[in-house]
Number of protein chains: 2
Amino acid sequence: MAHKRDREATRARLLECARLRFARDGYDGTSVRDVAGDVGVDPALVFRYFGSKSGLFTQAMAGSSAPVVLPDGPVEELPAKLLHQLVFEDWSEYAGEHPLVAMLRSAGHEDTKDRLRQQICEGYLDVLSQLAEGNEDKNLRTELFGAWLLGIGILRTAVGTPTLSKATEEDLRPHLAAVAEALFGRPVPVPKNG
Amino acid sequence: MAHKRDREATRARLLECARLRFARDGYDGTSVRDVAGDVGVDPALVFRYFGSKSGLFTQAMAGSSAPVVLPDGPVEELPAKLLHQLVFEDWSEYAGEHPLVAMLRSAGHEDTKDRLRQQICEGYLDVLSQLAEGNEDKNLRTELFGAWLLGIGILRTAVGTPTLSKATEEDLRPHLAAVAEALFGRPVPVPKNG
DNA sequence: CTCCTAAGTCATCGATCGGTGACTTAGACC
DNA sequence: GGTCTAAGTCACCGATCGATGACTTAGGAG
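Just so it is clear, the model here is predicted, and its values are computed rather than measured.

Moving on to the pattern of salt bridges. Scanning the entire structure with this criterion turns up 17 salt bridges over all chains. Put simply, Arg21(B) and Asp25(B) hold a salt bridge, and the shortest N to O gap is 3.9 Å. Residue Arg21(B) and its partner Asp25(B) are located together in helix H1 (residues 7–25), separated by four residues, close to a single helical turn. Here Arg21(B) falls in the buried class, since its relative accessible area comes to 18%. Salt bridges here are not isolated pairs; linked through shared partners, they connect Arg21(A), Arg24(A), Asp25(A) and Asp38(A).

What follows covers the side chain of Thr30(A). Mapped onto the elements of the fold, Thr30(A) is located in the loop between helix H1 (7–25) and helix H2 (32–39). Among all residues touching Thr30(A), those that are not within four sequence positions of it are Arg21(A), Phe22(A), Asp25(A), Val35(A) and Lys53(A).

At an RMSD of 0.2 Å, chain B and chain A line up after a rotation of 179 degrees and a shift of 0.1 Å along the axis. The symmetry that links the two subunits is that of a two-fold axis. Interface overlap between copies is the fraction of interface residues in one copy that are interface residues in the other; for chain B against chain A it reaches 100%, indicating a shared surface.

Turning our attention to the UniProt feature "DNA-binding region" (unreviewed entry) in chain A. Sequence positions flagged by UniProt for "DNA-binding region" (unreviewed entry) are, in local numbering, residues 31–50 of chain A. Secondary structure content for residues 31–50 of chain A is 80% helix and 0% strand, and the end C-alpha separation is 14 Å.

As for its position among the elements, Thr168(A) is in the loop between helix H9 (162–166) and helix H10 (169–184). Through-space distance from the C-alpha of Thr168(A) to that of Phe88(A) is 8.4 Å; in sequence the pair is 80 residues apart.

Turning next to the interface of chain B and chain A. Where interface size is given, it is often the accessible area lost as the parts come together that is meant. In this assembly, 42 residues from chain B lie in contact with 42 residues from chain A. Carbon and sulfur atoms make up 72% of the area that chain B and chain A hide from each other, which totals about 3400 Å². Per-residue buried area on chain B facing chain A is highest for Glu143(B), Val159(B) and His175(B); these three make up 17% of the total on that side. At the junction of chain B with chain A, the criterion picks out zero salt bridges. Applying the counting rule to chain B against chain A returns twelve residue pairs in polar contact (both at pLDDT 80 or more). By residue class, the composition of the side of chain B that touches chain A is 24 nonpolar, ten polar and eight charged.

In the region of DNA strand D, 19 residues are neighbours, and Arg33(A), Lys53(A), Arg5(B), Asp42(B) and Tyr49(B) sit closest. Taken together, the sugar and phosphate atoms account for 55% of what DNA strand D places within 4 Å of the protein. A distance of 2.8 Å separates a base nitrogen of DNA strand D from a polar side-chain atom of Arg33(A). Contact distances for DNA strand D include 2.7 Å between a phosphate oxygen and a side-chain N or O atom of Lys53(A). For the surface near DNA strand D, a count of residues per class yields seven nonpolar, four polar and eight charged.

Time to look at helix H5 (residues 78–88) of chain A. Residues and elements named next belong to chain A. Most of H5 sits inside the fold, with nine of its eleven residues counted as buried. Of the positions making up H5, those classed as buried are Leu78, Pro79, Ala80, Leu82, Leu83, Gln85, Leu86, Val87 and Phe88. Buried positions along H5 lie against helix H7 (110–128), helix H8 (138–159) and H10.

Now for the protein's contact with DNA strand C. Of all residues adjacent to DNA strand C, which total 19 residues, the nearest are Arg5(A), Asp42(A), Tyr49(A), Arg33(B) and Lys53(B). For DNA strand C, the backbone makes up 55% of the atoms found within 4 Å of the protein, where backbone means sugar plus phosphate. Between Val32(B) and DNA strand C, the recorded distance is 3.0 Å, taken from a backbone N or O atom to a phosphate oxygen. When residues of the surface near DNA strand C are traced back to their parent elements, those giving at least two are H1 and helix H3 (43–50) of chain A together with helix H2 (32–39) and helix H3 (43–50) of chain B. If one sorts the elements of the surface near DNA strand C by residue count, H3(A) sits on top with four residues. Class assignment for the residues of the surface near DNA strand C results in seven nonpolar, four polar and eight charged.

Conventions adopted
Residues numbered from 1 in each chain as written. Chains lettered and ligands numbered in written order. Predicted model: local features only at pLDDT ≥ 70, side-chain atom pairs only at ≥ 80, totals over all residues. Heavy atoms only, no water. Salt bridge = Lys/Arg side-chain N within 4 Å of Asp/Glu carboxyl O. Helix = DSSP H or I, 4+ residues; strand = E, 2+ residues; numbered from the N terminus. Buried < 20%, exposed > 50% of the residue type's maximum accessible area, 1.4 Å probe, protein only. Contact = heavy atoms within 4.5 Å. Least-squares fit on C-alpha atoms with pLDDT ≥ 70 in both. UniProt positions renumbered as here; feature names shortened; annotations may be inferred. Buried area = accessible area lost by both parts, 1.4 Å probe. Polar contact = N/O pair within 3.5 Å; in protein donor to acceptor, adjacent residues only side chain to side chain. Nonpolar A, V, L, I, M, F, W, Y, C, P; charged D, E, K, R; others polar. Near = heavy atom within 4 Å.

Take a look at the structure:
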C-alpha cells in the first residue's frame, strides 16, 4: 500500500494538489473530484476535512501565498528582489505562474478578491513602501510600482506578450532601475547578479 | 409585446448581454441560460444563432474590444490618452472594468489567451511603440509601459488596492509623466486637463 | 484475538450545465 | 383569409458538479 492512514499527511497532500489545480485551472475549472483523484482518495473525504469546496480553496491558497521577501538587506535592493520573486522565481509548482497572478483567474468570488488584496497589500506593498519614504504621496507611489511588477508578471505568463515573455532578468534590470528612480525620486542601485 | 420578431435585433441584444455577463462573471460563471434570460428569450435560441457557448463568447468579445485610441494627436499625448481610456473611461457597460481586464477572468481557455494577446499587441502596444522610437530595445520598453497601464487597471478594479482605487486621473498624471520619461528617454508632456 | 475509534469509502441525491431535435407561432406576401 | 417561411419555444438528454449520510475497514490498545 502506498500510504498509511495518516490524517495530517492526507490533508497536506490534498492541500498541495488543490493548490496546483486551483492555480492552473482556476476555481471553477477545478472539481473536488479532480483534487481527490490526484491524491488517490475518495472525494467525500475532502468535505469531511474542509467542509466545502470553498473551504478547500481558502485553506489551500492561504497556506501558499506568503513567500514574501524579508526586508533583510538594504532597501535599495528591494525592487530587484521583488521583481525576481514575482516574475523570475521558479513557480513550476503553481503551473508556472506566481500564485497571485494565478489567483486572478479565480477572481469574481468576493473572498478571493479580498484575499488577493490582503496578500498584495501586506505581502508586497508594505515592504515596497519603505522605498517611497519621504515622498508626499508615499502610498500612491508604492502601489504604482506594485502595479508595474504585477503587470509585468501578467503580460509574461497570462497574456504571453512576445518580447516580455522572452526577456531575461538582465534585460529588465536597467529599466527597473529607471522606473524605480522615477517613482521614488532617488537612485535605486540594481545589483548586477541575482 | 416588448419586441417584434427581428433576428438581427435579437442577435445584437444577446451579444450585448453576453458581453456584460462574461465581463462581470467570467466564462465559467456565465451560463447560456443566464444570457438568454436577460434578453427574455429561450436558451435554445443561443445555440441556433451562435452554435455553442464558445461561439457566443468569441463573437461577444470580438465585437467589443476595439476601442483603441487613434494616433491622431501628437505622440507625446498618447500615454495620457491610453491611461484615460484603459483606466478612467466609463466602462459601466462592462461591469466597471476595461474589457481587457475583464477578459483576464476568463483566461485559461487558450483562445481567450490568444485573443487577449492579439488585442493588447495590435490595439495598444503598436500605438505605444511610437513613443519608444529611437531606443535600442524599443519593443521591450513598449511592453513594459503597457504592463504598467494594465497593472494599474488591475489593481484598481480587480484587486481594489486602497490608494489607487480612489486616485483620480489628476493624481496619476505627474507619475505617468515621470515613468514615461524614464522608459522612453524623452520628456513626455502630460496635458493638464483631460 | 478482540474491540473500538477514526480514517476512508460507497451509493446517491438534487441541481445545473451545454446541447439537440421536434414543435409552435408570428408576420409578410399574395 | 390562407399559406409559407423563419423566429422563437418546449421537452428532454447525458454529463458533471457539490454535497450528504450510512457504511466499511485499518490499526493501535487492552
